[in-house]
Every structure is written in C-alpha cells, then in structure tokens.
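Chain residues, written in single-letter form:
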Amino acid sequence: MFSKEAKLKGEVITAIHYQLEILNNSKTSYIADLKEISSLIKEVQSMEELRMLLLNYPDSEWLREQIFDIEFETFSKQRRYIEALVLLDQRLNLARQIGDEKQYKRLEKIQRSFVFALNVSPGRIGVILPMSSSNVKIVRLVQETLNGLRLALYANKINAFNNSSDNSTVLEKIVTENSVKVSENDLSGQSVDSWELVIRDSHLNPVKTKSAIRELVEIERVIAIIGPLARKTSEAAAVEAESLGVPLISLSLTDSIPEYGEYIFRNNQSWKQEVQKLVDYATDKLQACRFLILFAKTREGRQKMRLFWNAVKEKGCEVVAAEGFKHEGQKSLVNEFDTFTGKIKRIAKTDKNILKELKEKEDPVHNFDAVYVAVGAGGVKNLRLILPYSAVYKMRNIKFLGDSGWNDPALPFSPGVSGVRKAVFADSFFPGSEAKAMRKLKRIHEQIFYRHQNYVGPSSYTAYSYDTLMILMKLLNDKRNQSHWDLKDALKNILGFQGATGKFRFDSVGEAKREIYLLTLHRGKIQPLN
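Residues numbered from 1 in each chain as written. Predicted model: local features only at pLDDT ≥ 70, side-chain atom pairs only at ≥ 80, totals over all residues. Heavy atoms only, no water.

### Re the overall build of the chain
Under the convention used in this document: What counts as a helix is a DSSP run of H or I of at least four residues, what counts as a strand is a run of E of at least two, and both are numbered from the N terminus. When a residue's accessible area, from a 1.4 Å probe over protein chains only, is under 20% of the maximum for its type it is buried; when over 50% it is exposed; and in between it is partly exposed. Between two residues, a contact is recorded if the distance between any of their heavy atoms is within 4.5 Å. Shrake-Rupley sampling with a 1.4 Å probe provides the accessible areas, and residues are treated as covered by the protein chains on show and by no other component.
For the chain, the count of helices and strands is 21 helices and 16 strands. Expressed as a percentage of the 530 residues in the chain, the buried residues total 50%. The long-range fraction of contacts in the chain, counting pairs at least 24 apart against all pairs at least 6 apart in sequence, stands at 67%. Summed over its atoms, the accessible surface of the chain is roughly 26800 Å², and 50% of this surface lies on carbon and sulfur atoms.

As structure tokens, then:
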C-alpha cells in the first residue's frame, strides 16, 4: 500500500524500497510482486541510483540480476562495449565463485560476441560453399550462387553511381565491361566500393565447415556469413555460427535450419509455403477435395508428397491414392494410372462378355478432382512420360497441379502438355516477373553472361544469393546495424525487402516468408495465373 502511494506521488525509488523490504522479509516475501518491482526498477533513469539500491540490499541475488540486465542493455544500446565487457567480467567471476555453470556459459557466449564486435569489419561478408566438389550438379549450383553474389556486387555499385546520375543503363554497361570469370580466388578479396566477400570451402564436410566458420569470424572478422548449400554442412555451420553469435543466412533447401538459433536464417525455396499455396487454391478456387498424388522418389518428391497430404487433411479433404515413380529410368506408368482410374479392378465375367460383344473398352473411373504431380528440381523430363496419360485415361477435365519442378523453360515442349487443361503449379521464383528488381537482375545477368555459349537466364540459386547479399548490404549501410547482434535484430525486424524473388521478410524463427506465384501455361509460355 505504501509502495502504491509513493508511486502515485512519483517517488519511484521510495516505492522500490517498500517493495524490497517486503521481498527481503522472510515472513512477507511470499506476497512480494516481482513483476511490479521489475517494472519500477526499469523506470529509474539514473545508473547511480540503481547502484545505491545494490548497496542497500547486497544479499538480494534477484535485484543484482535485474540491475545487471538493465546496465548491460544500456551499455549495448549506447555501444559502450568496453564498459559492457567489464560488467560481464564481474558477472562471470561471480558465476564461477557460486558454481552456476549454466549462467557462466551464457555470459561467456555474450562476452565472446562482444569481443568479436569490437574487431568486426562491417564491409566483410563471409561465404561458405562446396567449392572443391566434383559433382556436376553441385558444381552448377555453386557457380549459379557465385553468379548471384557477383551480380549483387555490381548492382550495388550501379546503385552508388545512380545516386549521382539518372542514366542507369549506360552505367550498368560501364560497370560490366571489365567483368571476368568468377572463381574462389577472383571473388574472395574483391571489393566493390567498401564490400569484400571472403569465400571458404565447406568440402561438404561438417567438421571442416565448422572450422571454416570459426576462421571467418575469429580471423577474417566478417559481419555475416552466406551459405552453405547442403543440409549437413548447413546444420554444422548453424551450430557454430550460433555459438559464435554471428548472423548466418543459409541457402539450403532444409527448412529446419533456422531452428538452430536466433542468429540463423534461411533464404531459399520453401516447399511448405509452395504446397500450402497450391492446396489453398485447389480447395478454395477449384472446389477440389479428392486428390491423387504422383511424386518422384527423391528427397524432394517424398517431402512434398507428405506436405501436400497433410495440407489436404487439414482442409478436411482426402488423398485417394499416392504413387511414386523413379526420378531416372521410369518407362511406364500404366499400372499406376490403371490403379488410379479403377481399370484393374475386378468386374463380373458376364460384364466382361458384354463389353467384348459390344466391342467396348472399360471406361476409366475418376473418383478424384485433381492430380498433384511433384517432379522436383530438374524433373520436368518426367512430365514427358506422365502428361500423355491424361488423354489416354480421358482426364481432360481433371485438374493437374504441379510443384516448382514444373516451372522450367522446357515445359511448353513436353509431349502431352496440350492435353492438360490449364495446369496450375507453384513457385517462389518466376523469372518472368515484372518486379523492378527481377528486371534489373536479368538485365545485368544478360550483359555479363550473354556471350557465354548456350546462354540461359538467371536461375533460382542466382536469384536467392543475389537477394541475400543485397539485403545484407542494404542493412549494413546503416551504422546502427554494424554489429553481429544489431544486424541479427535488423534482419528479423525488416518488414519487407523488395528483391528479385519478390517482396520477402524473415519471420521470428529466421525463415524467409515471400509471395508464392501460381503459374500456368498460356499460349506456349509460363505465365502467372490470372
């Protein structure tokens, strides 16, 4: 009661004294309102007054923790890192003396982050990729990723030029005239304006990946890290980056990577978001509620099958059947389509004789509304096998739904595609987008790489790595974000970054949330669904 009266009079310190007397009295401590005391302490403006409270109540461990948190937060916000380190040293010594191992480890991690912050170079960004891999697919993904990083550096330089000129096309030509082939040696150490990328090889080895992460932070003093690509090395990198307190944006397809800690982010396709968009459209717009699933027997195909099945169940609908097919070497799907359409079900002998006399064939039965076909990355070749069956089994009125694997320039040339009425597929990457950032990426990409033999436009990995570096450079141009923890907070708080892959943000976990395109074939071209 006395505390409330003092608070009403604006005498915050007096109110705190009353509350602390109740807390420190063994007979009354059970009625002490810790939430109220904590709130009052945060209202105190003077650090000197807080220290006086500690002198008056030296045995209150709870009060010591409260004031430590306030002092530490104040020093951090004011960038008084040396004073923060002194405070941490005091708390570490106390935790060691009383044997509080959990608290000691927590404070030690914070201390290490502060030490790195004092030496960090805000213009240096680490990159970790499987540079030495000889696997053809991995080599291609690494090159596409490096292309995206290189294009982001040039785009940033163009932006700098544009601050003093309006003729961006001419300036882009000037910037790209002296372009060279990107390799680990070329790009690592190359600086555009004040930016420098420091590239390390993951060797597709978790142990070597951890070592590379530590080298990037402790020796190279990078402000953030981009990569890796593979699941196991991304998991290892996430563990190490979190322990060192450095922001890491993984380009892995594994959506659980951000769960490794508050400094870990991921920017790539989200199979879950892709599938959910497709199921929402199928159930809400097409009024479909009975589905067939055809999926490639790959990690991606199986995962998308499970995600689709679960999303359908959550809508109160059903999956009638699901069948897998080989990603390579599948020659026929007759048995699968016979099963789907009921053509291999047993019918009475008399019914067979009647069909034979009338020279009729057994008609397929369509007890489903739509077919979801998950071919996965590089799986458009399998659509050449699958799509012709739609005509054979009289499925012209059945809706076909596809995953991001359908979003391939080769789709319009697949046999049987004309027999599928307005197939709808989902992807977060659409090079035909009219977004300003995508148009710019394609323009610069063409200027640099068009003379290469068999030129193709930017891939999804090029776009995701491009956006990742662009968002880091944008945030780091603000001095308030030039420490590991400030950059981490800035990434989580950005409301929407307009990138080549559309407008996106990072959620509270660290997963990129972006618009998912619904696409279809129209007049022989992949276009957004109207």
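### Concerning the side chain of Ser252
Position of Ser252 among the secondary structure elements: in the loop between β5 (248-250) and β6 (264-266). For Ser252, a relative accessible area of 1% corresponds to the buried category. What Ser252 contacts, discounting residues up to four positions off in sequence, is Pro228, Leu229, Ala230, Arg231, Ser234, Ile257, Arg266 and Asn268.

### Let's talk about a positive patch on the surface
Worth spelling out the cut-off: In this analysis, a patch consists of residues with relative accessible area above 30% that form no salt bridge, clustered at 9 Å for like charges and at 5 Å for the nonpolar side chains Val, Leu, Ile, Met, Phe, Trp and Tyr. Definition used for salt bridges: Asp or Glu carboxyl oxygen within 4 Å of a side-chain nitrogen of Lys or Arg. His is not counted, nor are the chain ends, whereas Lys and Arg count as positive and Asp and Glu as negative. Every charge is mapped onto a representative atom, which is NZ of Lys, CZ of Arg, CG of Asp or CD of Glu.
Where like charges cluster on the molecular surface, the positive patch consists of Lys297, Arg302, Arg306, Lys326 and Lys331. Here Lys331 is to be found in the loop between β8 (318-325) and α15 (334-341).

### A few points about unusual backbone geometry
Here Gly227 and Pro228 are connected by a cis peptide whose omega angle stands at -5°. Among the secondary structure elements, Pro228 is positioned in the loop between β4 (224-226) and α12 (231-244). The phi dihedral of Arg523 is positive, around 55°, even though this residue is not glycine. One can find Arg523 in the loop between β15 (517-522) and β16 (525-528). Take Arg523: its relative accessible area is 77%, and that puts it in the exposed class.

### Structural notes on the packing of helix α11 (residues 206-218) against α12
The cut-off we apply is this: Simply put, an axis is a line fit to the C-alpha atoms, just over the touching stretch for a helix, and the angle between two N-to-C directions goes from 0 to 180 degrees. Handedness of a helix crossing follows the sense of rotation of the near helix relative to the far helix, less than a right angle counterclockwise being left-handed and clockwise being right-handed. Under the grouping applied here, Gly and all other residues not named as nonpolar or charged are polar, the nonpolar ones being Ala, Val, Leu, Ile, Met, Phe, Trp, Tyr, Cys and Pro and the charged ones Asp, Glu, Lys and Arg.
For the pair α11 and α12, the least separation of the axes is 8 Å and the interaxial angle reads 35°. As α11 packs across α12, the resulting crossing turns out to be right-handed. Across from Pro206, Thr209, Lys210, Ile213, Arg214, Val217 and Glu218 in α11, the residues of α12 making contact are Lys232, Thr233, Ala236, Ala237, Val239, Glu240, Ala241, Ser243 and Leu244. Split into classes, the residues belonging to the contact of α11 with α12 amount to eight nonpolar, three polar and five charged.

### Observations regarding the sheet that holds strand β14 (residues 512-514)
In plain terms, the rule: In this scheme, strands are said to pair when DSSP sees at least two bridges between them.
Strand order in the open sheet formed by three strands is β12-β13-β14, and the pairing between neighbours is antiparallel. Looking along the sheet, the strands with just one partner apiece sit at the ends: β12 (497-499) and β14. On average, each strand axis in the sheet is tilted by 40° relative to the strand beside it, whichever way the strands run. Packed onto the sheet, helix α20 (residues 460-476) meets β12, β13 (502-506) and β14 and runs at close to 140° relative to β12.

### A word on the packing of aromatic side chains
The cut-off we apply is this: Any Phe, Tyr or Trp ring, taking Trp's six-membered ring, that has another such ring centre within 6.5 Å forms a pair; planes under 30 degrees apart are called stacked, those over 60 apart edge-to-face, and the others tilted.
Throughout the structure, instances matching the rule amount to eight aromatic pairs. A ring pair is formed by Phe291 and Phe308, whose centres lie 5.5 Å apart and whose planes are at 85°; its orientation type is edge-to-face. Remark: Phe308 occurs in helix α14 (residues 299-314) and Phe291 occurs in strand β7 (residues 290-296); sequence separation between them is 17 residues. Owing to a relative accessible area of 0%, Phe291 belongs among the buried residues under this scheme.

### Details of the nonpolar core
In plain terms, the rule: Working definition of a nonpolar core: buried Ala, Val, Leu, Ile, Met, Phe, Trp, Tyr and Cys residues. They are joined through side-chain atoms within 4.5 Å.
Within the largest apolar cluster, 51 residues are counted, with the highest numbers of intra-cluster contacts made by Ile125, Tyr466, Leu469, Leu472, Leu487, Leu491 and Phe506. Elements with a contribution of two residues or more to this core: β1 (124-129), α8 (136-162), β3 (195-201), β4, α19 (436-449), α20, α21 (484-493) and β13. Not counting residues up to four positions away in its chain, the partners in contact with Leu487 are Ile223, Ala224, Pro247, Leu472, Leu475, Leu476 and Asn481. Judged by nonpolar contacts, the second largest core, of 31 residues, contains Phe340, Tyr389, Val417 and Ala423.

### Here we look at the sheet that holds β8
Overall, mixed pairing links the seven strands, which are arranged β8-β7-β9-β10-β11-β15-β16 in an open sheet. In this open sheet, the two strands that pair with only one neighbour each are β8 and β16. For this sheet the average axis-to-axis angle between neighbouring strands, irrespective of direction, equals 25°. Taken together, the four bridges between β15 and β16 define a ladder with antiparallel strand orientation.

### Brief notes about the pairing of strand β11 (residues 424-427)
Here β11 shows a buried face lined by Val424 and Ala426 and a second buried face lined by Phe425 and Asp427. By the bridge criterion, two bridges tie strand β10 (residues 399-402) to β11 in an arrangement that is parallel. Paired with Gly402 across the bridge in β11 is Phe425. Of the strand pairs in this sheet, β11 and β15 are connected by four bridges, and their pairing is antiparallel. Opposite Val424, over in β15, you have Thr520 as the bridge partner.

### Side note on the state of the cysteines
Our working definition: Defined by distance alone, a disulfide is two cysteine sulfur atoms within 2.5 Å.
Evaluation of the coordinates by the stated rule reveals one disulfide. With a sulfur-sulfur separation of 2.0 Å, Cys289 is cross-linked through a disulfide to Cys317. Since a negative S-S torsion denotes a left-handed disulfide, the Cys289-Cys317 link at about -95° is left-handed. In this pair, Cys289 is assigned in the loop between α13 (271-284) and β7 and Cys317 in the loop between α14 and β8, connecting sequence segments 28 residues apart. By relative accessible area, Cys289 is classed as partly exposed at 29%.

### Structural notes on the packing of α13 against α14
We count it as follows: Oblique is the label for any angle not under 35 degrees, not over 145, and not in the 65 to 115 range, which are roughly parallel, roughly antiparallel and roughly perpendicular in turn.
The geometry of α13 relative to α14 is characterised by a closest axis approach of 9 Å and an angle of 45° between their N-to-C directions. When the axes of α13 and α14 are compared, the pair comes out oblique. Crossing hand, α13 versus α14: right-handed. Residues Trp271, Lys272, Glu274, Val275, Gln276 and Val279 of α13 form the contact with α14, whose own contacting residues are Arg299, Glu300, Gln303, Lys304, Leu307, Phe308, Ala311 and Val312.

### Description of the pairing of β1
In terms of residue burial, β1 counts as a mostly covered element, since six of its six residues are buried. Neither face of β1 is left uncovered, since the one carrying Arg124, Gly126 and Ile128 and the one carrying Ile125, Val127 and Leu129 both have all their residues buried. Looking at chain direction, β1 and β3 are connected through six bridges and run parallel. Looking at β3, one finds that Val127 is bridged to Ile199. Examined bridge by bridge, β1 and β4 share three bridges and lie parallel to one another. Residue pairing across strands places Ile125 opposite Ala224, the latter belonging to β4.

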